[in-house]
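# Fold and geometry: a report
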Amino acid sequence: LADCYAIGTVLRLYHNIVKTVNVGGCRIGDDGLTAILPALLQTQAMTDLRLAQNDLSDKHAESLSAVVHNNKSTLLHLHTDNNNFTDYGVAQVNQHTHLCTKLVSVAVGTLGSANQE
């Protein structure tokens, strides 16, 4: 969890230039995402967000949707698959992907599945 707070601090300091956030497979869980989410919400130039395989639940799905919305003109890759999202959580995360003008890969799904484009 301490690593997540450190990541959050770096993201807050450099929110306007961070291009990639990749904590895929780190099993940060909802508590870890809680630590970095305020900083993720400040980003506006991210091209790559990888949060797959982190034991995330629906708890932050709406906030992740806001991160996607904030980065809609720059986001190329969004990977939040293989977490513990229900269909509701998947729908929330996907809510703004249609606004992403440069999005080339999406993997958002429930545990063991992903909706890929």
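Heads up: the structure comes first, above all this text.
We now turn to the structure provided with this report. Note on numbering: residues in each chain are counted from 1, in written sequence order. Reporting of local features is limited, given that this is a predicted model, to residues whose pLDDT is at least 70; pairs of side-chain atoms are given and counted only at 80 or more, and all residues count toward the totals for whole chains, interfaces and linings. Calculated side-chain values reflect all of the structure's heavy atoms, with hydrogen atoms and water omitted.

## Comments concerning a nonpolar patch on the surface
For patch detection, residues must exceed 30% relative accessible area and be free of salt bridges, and they are connected within 9 Å for like charges or within 5 Å for nonpolar side chains (Val, Leu, Ile, Met, Phe, Trp, Tyr). Note on areas: these come from Shrake-Rupley sampling with a 1.4 Å probe, and a residue is covered only by the protein chains present in the view. Whenever Lys or Arg places a side-chain nitrogen within 4 Å of a carboxyl oxygen from Asp or Glu, that contact is recorded as a salt bridge. A cluster of nonpolar residues, Val-10, Leu-13, Tyr-14 and Ile-17, forms a patch on the protein surface that exposes about 420 Å² of accessible area. Note on conventions: DSSP H or I runs of at least 4 residues are helices, E runs of at least 2 residues are strands, and numbering of each starts at the N terminus. As for its position among the elements, Tyr-14 is in the loop between helix 1 (2–13) and strand 1 (20–22). Exposure classes here rest on a 1.4 Å probe applied to the protein chains alone. A residue is buried below 20% of its type maximum, exposed above 50%, and partly exposed in between. Owing to a relative accessible area of 43%, Tyr-14 belongs among the partly exposed residues under this scheme.

## Here's the deal with the packing of helix 2 (residues 29–40) against helix 3 (residues 61–70)
Two numbers describe how helix 2 lies on helix 3: the axes approach to 10 Å, and their chain directions differ by 30 degrees. In this view, helix 2 runs roughly parallel relative to helix 3, as classed from their interaxial angle. When you trace helix 2 past helix 3, the crossing you get is left-handed. Mapping the contact onto sequence places Leu-33, Leu-37 and Leu-40 in helix 2 and Ser-63, Leu-64 and Val-67 in helix 3. Axes, fitted as lines to C-alpha atoms, cover a helix only where it is in contact. Angles between the N-to-C directions of the axes lie from 0 to 180 degrees. Each angle is binned into one of four classes, with values under 35 degrees roughly parallel, values over 145 roughly antiparallel, values of 65 to 115 roughly perpendicular, and all other values oblique. For any helix crossing, the convention is left-handed if the near helix is rotated counterclockwise from the far helix by under a right angle, and right-handed if that rotation is clockwise. The criterion used for residue contact is that any of the two residues' heavy atoms lie within 4.5 Å.

## Re helix 1
Helices are assigned an expected span. That span is 1.5 Å times one less than the residue count. Between its first and last C-alpha atoms helix 1 spans 17 Å; for twelve residues at 1.5 Å apiece the expected length is 16 Å, and the two agree. Of the positions making up helix 1, those classed as buried are Cys-4, Gly-8 and Leu-11. Viewed end-on, helix 1 has its buried residues packed into an arc of 65 degrees, placing them on one side of the element. The exposed set on the far side of helix 1, more than 90 degrees from its buried face, consists of Ala-2, Asp-3 and Leu-13. Of the surrounding elements, those touching the buried residues of helix 1 are strand 1 and helix 2. The directions from the helix axis to the C-beta atoms form the arc being described.

## As for the environment of Gln-53
You can see Gln-53 is positioned in the loop between strand 2 (48–50) and helix 3. A C-alpha to C-alpha distance of 19 Å links Gln-53 and Gly-8, two positions 45 residues apart in sequence. When near neighbours in sequence (up to four residues on either side) are disregarded, Gln-53 contacts Gly-25, Cys-26, Arg-27, Asp-81, Asn-82 and Asn-83.

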